[in-house]
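So you can see what is in the structure, the chains are spelled out below.
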Amino acid sequence: MIRNNLKLTAVLGLPLMLGGCVSTQEYAANNAGFASVEAKMAEATGKQTVWVQNQEQARAVSDRVTTLMAKKTVDVETAVQVALLNNKGLQAAYADLGDSAADAWQSTMLVNPTVSVGLTGIGTPGLEAFKTVEGMIANNILALATRDRNIAIADTRFRQAQLNAALRTLRLAADTRRAWINAVAAWETVGQLNQAQAAADAASELAQELGKSGALTKEGQAREHVFYAELAGQTSKARLEARLAKEELTRLMGLWGSGIDYQVPNRLPSLPKGLMKRDLIEAEALQRRVDLQMAKLDLEATAKSYKLTEATRYVTDLELLAGFETEREKEDGEVKTETTGQAELEVVIPIFDSGKARMRKAELAYMRAANLLAEKAVNIRSEARSAYQAYRANYDIARHYRNSVVPLRTKIEEESLLTYNAMITNTFELLADSREKVNANLLAVNAKRDFWLAEANLAPAIYGGGAGAAAGGTEVAAAAESGGGGH
């Protein structure tokens, strides 16, 4: 009987040996799945990202950040690289990837069997001659039968976590690029307002002198004084917005302490000579978008979960118990021992729960995932088209302000000054022309900023990471309605 019991135990242990054929090396590695994140970032941004997991890596990253920030004026590429290396929220996202890898690793392991041993008849009055020893090993057969499907589901979720880590990285890179553009544009606006304020100050003093001589009415004097006062307020507000924009960039780069002592350029780069061609941007986005790949994996995982639910519709718990029972009896001074094997099968009988509700929930989950995937594909194509349209339109708008509006306003101001010196144009017309030139310069700065924001939104539209705020003509129009005052 003992021999038969050992055979039964060997059958229970068979899946343990067969389970070894599933490779767990990728799940168990410290940087599980991170290579795919690095590859995706190199493709999308040309930048490096690091998963910091020990003090040595932390020191190496800190040294590199220090080297990158050695230049006091930080360009956009440096800002993005520092953020990818130094942002602690991104490191938390990578920890989530490791957590998912641990879950997938855990799924490859079998459920531990339960071992129980019992002894009866010890110290019981009148039963000193009778003792029973019982032992039992229990294992969940259903867990063994569905193990491969559970591993497949966990692996799909792990691949989703890889893509999610890549998506978080892409989003940080895009947010940092946009933050740098906004910060530089804000400081460029401050520079334009400072120049305008100097001219307004001179106009205010001129108005005061003209008022003393009687050549300018009190109304005219007040008009020039209030223009100077309003411009001073707009300059203060623009300076505050520039500081706040820089603080946002500082947060994204993960800087603190002495690291925040850096500068950004005081003006945005000039417009490029030509536009990038993206004739197949929709197809490119459908092929490369990380969030679409995540939606596909979600549908895949849901389908596997549905099959698992279908397989366990009627049987939700199936457990095999195997063991032995040894009885010892003392009679006429002789001890007799008898051992017998035992086997039990425990199963839940679906009298009340036939599994229909669980099947319905699984069907609805699959339908939901399928529809979300279809919606995601439609939205991605539209986002790609919108991003490229905004890129082209904002380029044309910015170029129009650069090539037409600002030169014409400059020409008008120059001619007005010449006619004023010749006593043809009066003071009011000269000052009005100067104000209009200030407005044109501010609109040109906003238009250039909108173009660079639209250019920064192209990569997220293709690879993922969020399109950010829509960069259209709205900001230019708003500036025009408000008289061009400030950022």
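Report follows, based on the coordinates. Note that the coordinates shown come from a computational prediction; the quantities given were computed from them, not determined experimentally.

Some thoughts on the packing of aromatic side chains
The full count for this structure, using the stated rule, is seven aromatic pairs. With a centroid separation of 4.8 Å and 70° between ring planes, the pair formed by Phe 34 and Tyr 94 is classed as edge-to-face. Taken as a pair, Phe 34 in helix H3 (residues 34-44) and Tyr 94 in helix H6 (residues 88-107) lie far apart in primary sequence, 60 residues in all. A residue is classified by how much of its surface remains accessible, and Phe 34, at 3% relative accessible area, is buried. Seen in terms of ring centroids, Phe 451 and Trp 452 are 5.0 Å apart; in terms of plane orientation they differ by 65°. Their pairing is edge-to-face. Under the relative-accessibility criterion, Phe 451 is labelled buried at 0%. Joined through ring pairs, the aromatic side chains of Tyr 388, Tyr 391, Tyr 395, Phe 451 and Trp 452 make up one cluster.

Details of the pattern of salt bridges
On inspection of all chains with the given rule, the structure shows 19 salt bridges. Note that Asp 261 is salt-bridged to Lys 72, the shortest N-O span being 3.8 Å. Of this pair, Asp 261 sits in the loop between helix H9 (218-253) and helix H10 (281-288) while Lys 72 is found in the loop between helix H4 (55-68) and helix H5 (76-86), placing the two residues 189 residues apart along the sequence. On the basis of relative accessibility, which here comes to 47%, the residue Lys 72 falls in the partly exposed class. One salt bridge connects Asp 155 with Arg 159, and the closest N-O pair in it is separated by 3.3 Å. Separated by four residues within a single helix, Asp 155 and Arg 159 lie in helix H8 (residues 147-213), roughly one turn from each other. The exposure class of Asp 155 is partly exposed, given its relative accessible area of 23%. Arg 159 sits in the partly exposed class, given a relative accessible area of 29%. A network of salt bridges, in which partner residues are shared, links Lys 40, Glu 43, Glu 284 and Arg 288.

Some details on H4
Over its 14 residues, H4 extends 20 Å from the first C-alpha to the last, a length consistent with the 20 Å expected when each residue adds 1.5 Å. Two or three places before Glu 56, at the start of H4, stands the capping residue Asn 54, its side-chain oxygen 3.2 Å from that residue's backbone nitrogen.

Some words on the packing of H4 against H5
Geometry of a packed helix pair, given as the angle between the helix axes and the separation of the axes. Packing of H4 against H5 leaves a shortest axis separation of 10 Å and a crossing angle of 165°. When the axis of H4 is compared with that of H5, the two are roughly antiparallel. For the element pair H4 and H5, the recorded crossing hand is left-handed. Contact residues: H4 offers Val 61, Arg 64, Val 65 and Leu 68, while H5 offers Thr 78, Gln 81, Val 82, Leu 85 and Asn 86.

Rules used throughout
Residues numbered from 1 in each chain as written. Predicted model: local features only at pLDDT ≥ 70, side-chain atom pairs only at ≥ 80, totals over all residues. Heavy atoms only, no water. Phe/Tyr/Trp six-rings, centres within 6.5 Å; stacked < 30°, edge-to-face > 60°. Helix = DSSP H or I, 4+ residues; strand = E, 2+ residues; numbered from the N terminus. Buried < 20%, exposed > 50% of the residue type's maximum accessible area, 1.4 Å probe, protein only. Salt bridge = Lys/Arg side-chain N within 4 Å of Asp/Glu carboxyl O. Expected span 1.5 Å × (residues − 1). Polar contact = N/O pair within 3.5 Å; in protein donor to acceptor, adjacent residues only side chain to side chain. Axes fitted to C-alpha atoms, helices over the stretch in contact; angles between N-to-C directions. Parallel < 35°, antiparallel > 145°, perpendicular 65-115°, else oblique. Left-handed = near helix turned anticlockwise from the far one by under 90°. Contact = heavy atoms within 4.5 Å.

By themselves, these observations are geometric and do not establish any function.
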